[in-house]
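Coordinates in review
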Number of protein chains: 2
Amino acid sequence: MPVRSASSPLTTERFAPLPPGAVVGILGGGQLGRMLASAAARLGMRTHVYAPDPDPPAAQLSNRTTTADFEDDEALRRFADVVDVVTYEFENVPVEAVDRIGKYRPVRPGRQALAIAQDRFEEKSFLRKSGLCVARFANVESPQDLAEAVASIGYPSILKSRRFGYDGKGQASIDGPEDLETAVRITKSGSAILEQKIQFSREVSVIGARGAHGFPVCYDPGENRHQNGILRETRVPARLAAGERARAIHMAGTIMDRLDYVGVIGVEIFVTPDGLLVNEFAPRVHNSGHWTLNGCVVDQFEQHIRAICGWPLGDARRHSDVVMSNLIGSDMRVAHDLAACSSTAIHLYGKRDVRPGRKMGHVNRVTGPAGLD
Amino acid sequence: MPVRSASSPLTTERFAPLPPGAVVGILGGGQLGRMLASAAARLGMRTHVYAPDPDPPAAQLSNRTTTADFEDDEALRRFADVVDVVTYEFENVPVEAVDRIGKYRPVRPGRQALAIAQDRFEEKSFLRKSGLCVARFANVESPQDLAEAVASIGYPSILKSRRFGYDGKGQASIDGPEDLETAVRITKSGSAILEQKIQFSREVSVIGARGAHGFPVCYDPGENRHQNGILRETRVPARLAAGERARAIHMAGTIMDRLDYVGVIGVEIFVTPDGLLVNEFAPRVHNSGHWTLNGCVVDQFEQHIRAICGWPLGDARRHSDVVMSNLIGSDMRVAHDLAACSSTAIHLYGKRDVRPGRKMGHVNRVTGPAGLD
């Protein structure tokens, strides 16, 4: 039995590994579920996808699919009956659905990570309580709150809805008093959070994993480039000093330990002249970790399956430098041409309809053997 | 349009690439079909597996499965109706089934490679006619033929049934006159071939691919170790002199060109003090190419799908040295422990029943960045 490190809480439930042939239930049927299902199959696991929409990308690579809403208690119960462990592939799965399933089967990562990640204010509060640096922030429930928060945090800042925002949706920049009017609208559609806008030199993310025995493992940080609020590109290695790299990895480890986390997590970090700030985390495999499919022996998807099934975590070492580029909307037109580029791996998600802003696939260009920046 | 090389016959049918969303039909549902289906999904293709046995390993990763015999003309016809291209994942698919489907849809690689590979005498004759060195051999239809063949080829030799042998089945060593009696029995169960037994220093195999435009691409040769007639291990790089490596790759290229081949092929080659001899080829992805899953940006399965779908072939360069070990029968017991080894990727086939001699999965141990022996 391995010795638990001091930083790993003893409260971690130790669980026996699931044998090959066990059934992994996946809540959500998008591309992340698809790549999780593929990885689960490599470990001999069977998979059952639960998703509201018919013929989701993950169904192609799964043994079974349930098409039902996350509010359908009876369907959730039947799903729980036929799986051995449950995970989720996106963080907007209702916590109530996870609670419902959790009565019958283990859900990993658990409900705590999900609940915190669903609420930007809870998330920032949790990060600060965990001793990690974050941008200044304030809860905003009303136009009055907004005025007070802006007075305290100043310009430039950014107002975000507390819940269900992604890819830049539900956000408004407040660079001066002239932006307040637009921002007030967001406060009217629900709780929001005002955050200091960080002047960062770059954004990196750390993909971490923590298994049944509580030991965190992290991949090398990747450097992200966004466009219109959507991730365009992640490259490894990120341009980080050795000390920054270590701190970024430690931040991810701290979050996983504090949450007694089991599974893969994606942690976004701003690099600023004053140090590293955690922006947010996603309690799931992460777009910025897709490079691991061609940069490591064990990728983030297999790592997640290993973790939730109680298997030993795999080697997170990077054997190659990689540039991952998302194929968004009409980028799909060039997929075939990209296939002709050397050292380029194509990963398409099997989505029938090409829509602007829709993630259709990604490309990993292996740029050479692993080096440090 | 790329210029065709002199060695690529102009007779190659040029075909347009299939778009993502096209349906790849796979005849056979074993682990090779499973890994082909996974690769096809990565390229956004849908898959339809046709196999006689229910719940085959490939079904888990496919959109659709047809459970029917290869002699079921009606089922073959219905299958052809709903796919865009057809391939096979094992070489004992009846040529008649391929002919039946071929009336409606392209089958790649075509019927010629399949027909030759199904008959050891045809195969050896084809190789010799292609100018490649093979062991001395003779057709054996009767005990009388056997006596004459042994007189001509001498001891030690090996008698093999011409058709449907694999993993050492249907073979008898003839090391001296005392072995003739056993060997005679094989001649009674159908046509056979007597081959000179080669005293080789090692066996290597070349995984090659040839696409819609007729250009062959080959992976680095792997070195194979068998036990009881079953492949146990393939390691790259193989211990070959530079000249031998080039000759091995050229042999695979010659076979593909002669067959006007489209798809991935596995060519087994003996290294002897007198040079390289081709032992046999398999017109499909090959067990000795499983190392490519963790040693290359584009593995043999994706390469095959690219070829049969008319996509550009991927980069076959090796980024890492790999040792591939098959998990056979009760080896499955150690799969979980192997998962704890560093730089080790597990690939299980989802087979429910563990049987002696049955290939249950394989393990790729990445031993370092690509080097030459």
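Structure first, text after, so check above.
Residues numbered from 1 in each chain as written. Chains lettered and ligands numbered in written order. Predicted model: local features only at pLDDT ≥ 70, side-chain atom pairs only at ≥ 80, totals over all residues. Heavy atoms only, no water.

All names here are of chain B. Per the stated rule, a full pass over the model turns up 53 salt bridges over all chains. Note that glutamate 195 and lysine 160 form a salt bridge whose closest N and O atoms lie 3.1 Å from each other. Of this pair, glutamate 195 sits in strand β8 (residues 192-196) while lysine 160 sits in strand β6 (residues 157-161), and the two are 35 residues apart along the sequence. Accessibility expressed as a relative area gives 7% for lysine 160, which makes it buried. Of the charged contacts, one joins arginine 210 and aspartate 260 as a salt bridge, the two residues approaching to 3.2 Å between their closest N and O atoms. Linking arginine 210 in strand β9 (residues 202-210) with aspartate 260 in the loop between α8 (242-258) and β13 (263-272), this pair joins segments that are 50 residues apart in sequence. Residue classification places aspartate 260 among the partly exposed residues on the basis of a relative accessible area of 26%. (Salt bridge = Lys/Arg side-chain N within 4 Å of Asp/Glu carboxyl O. Helix = DSSP H or I, 4+ residues; strand = E, 2+ residues; numbered from the N terminus. Buried < 20%, exposed > 50% of the residue type's maximum accessible area, 1.4 Å probe, protein only.)

All names here are of chain B. Strand order in the open sheet formed by 4 strands is β5-β8-β6-β7, and the pairing between neighbours is antiparallel. Strands with a single pairing partner mark the edges of an open sheet, and in this sheet they are β5 (137-140) and β7 (171-174). Averaged over all pairs of adjacent strands, the angle between their axes in this sheet comes to 20°, without regard to strand direction. Two elements, β6 and β8, share 5 bridges in a ladder whose sense is antiparallel. By the bridge assignment for β8, serine 157 is matched with glutamine 196. Running at roughly 150° to β5, helix α5 (residues 120-129) makes contact with β5, β6, β7 and β8 of the sheet. (Pairing = 2+ DSSP bridges. Axes fitted to C-alpha atoms, helices over the stretch in contact; angles between N-to-C directions. Contact = heavy atoms within 4.5 Å.)

Bringing the relation of the copies chain B and chain A into the picture now. With an axial shift of 0.0 Å and an RMSD of 0.0 Å, the rotation relating chain B to chain A amounts to 180°. This pairing of chains is accounted for by a two-fold axis. In terms of proximity to the rotation axis, the leading residue of chain B is Leu61(B), whose C-alpha is 2.1 Å off the axis. (Least-squares fit on C-alpha atoms with pLDDT ≥ 70 in both.)

Turning next to the sheet that holds strand β4 (residues 85-88) of chain B. All names here are of chain B. Strand order in this open sheet of 4 strands is β3-β2-β1-β4, and the pairing throughout is parallel. Where the open sheet ends on each side, the last strands, each with one partner, are β3 (64-67) and β4. Taken over all neighbouring pairs, the strand axes of this sheet differ in orientation by 20° on average, direction set aside. Pairing between strand β1 (residues 23-27) and strand β2 (residues 46-51): 5 bridges, direction parallel. Among the inter-strand pairings, leucine 27 is bridged to a residue of β2, identified as tyrosine 50.

To continue, consider the interface of chain B and chain A. Contact with chain B, which involves 44 residues of that partner, is made by 44 residues of chain A. At the boundary of chain B with chain A, total buried surface from both sides reaches about 3,300 Å², with 53% on carbon and sulfur atoms. Interface area lost by chain B to chain A is led by Gln60(B), Val297(B) and His336(B), which between them contribute 19%. Of the charged contacts, one joins Asp55(A) and Arg46(B) as a salt bridge, the two residues approaching to 3.4 Å between their closest N and O atoms. The tally of links from chain B across to chain A stands at 17 residue pairs in polar contact (both at pLDDT 80 or more). If you list the elements that add at least two residues to the side of chain B that touches chain A, you get α1 (31-42), β2, α10 (300-308), α11 (335-338) and β16 (344-348) of chain B. With 5 residues, β16(B) is the single largest residue contributor to the side of chain B that touches chain A. Residue composition of the side of chain B that touches chain A, grouped by class: 19 nonpolar, 16 polar and 9 charged. (Buried area = accessible area lost by both parts, 1.4 Å probe. Polar contact = N/O pair within 3.5 Å; in protein donor to acceptor, adjacent residues only side chain to side chain. Nonpolar A, V, L, I, M, F, W, Y, C, P; charged D, E, K, R; others polar.)

Of the consecutive residues Val236(A) and Pro237(A), the connecting peptide bond is found in the cis state with omega at 0°. Within the secondary structure layout, Pro237(A) lies in the loop between β12 (230-236) and α8 (242-258). For the bond running from Arg108(B) to Pro109(B), omega is -10°, close enough to zero to count as cis. Tracing the sequence through the fold places Pro109(B) in the loop between α3 (95-102) and α4 (111-117). We note that Ser343(A) has phi near 55°; this positive angle belongs to a residue other than glycine. Here Ser343(A) is to be found in the loop between α11 (335-338) and β16 (344-348). Its relative accessible area of 14% is what places Ser343(A) among the buried residues.

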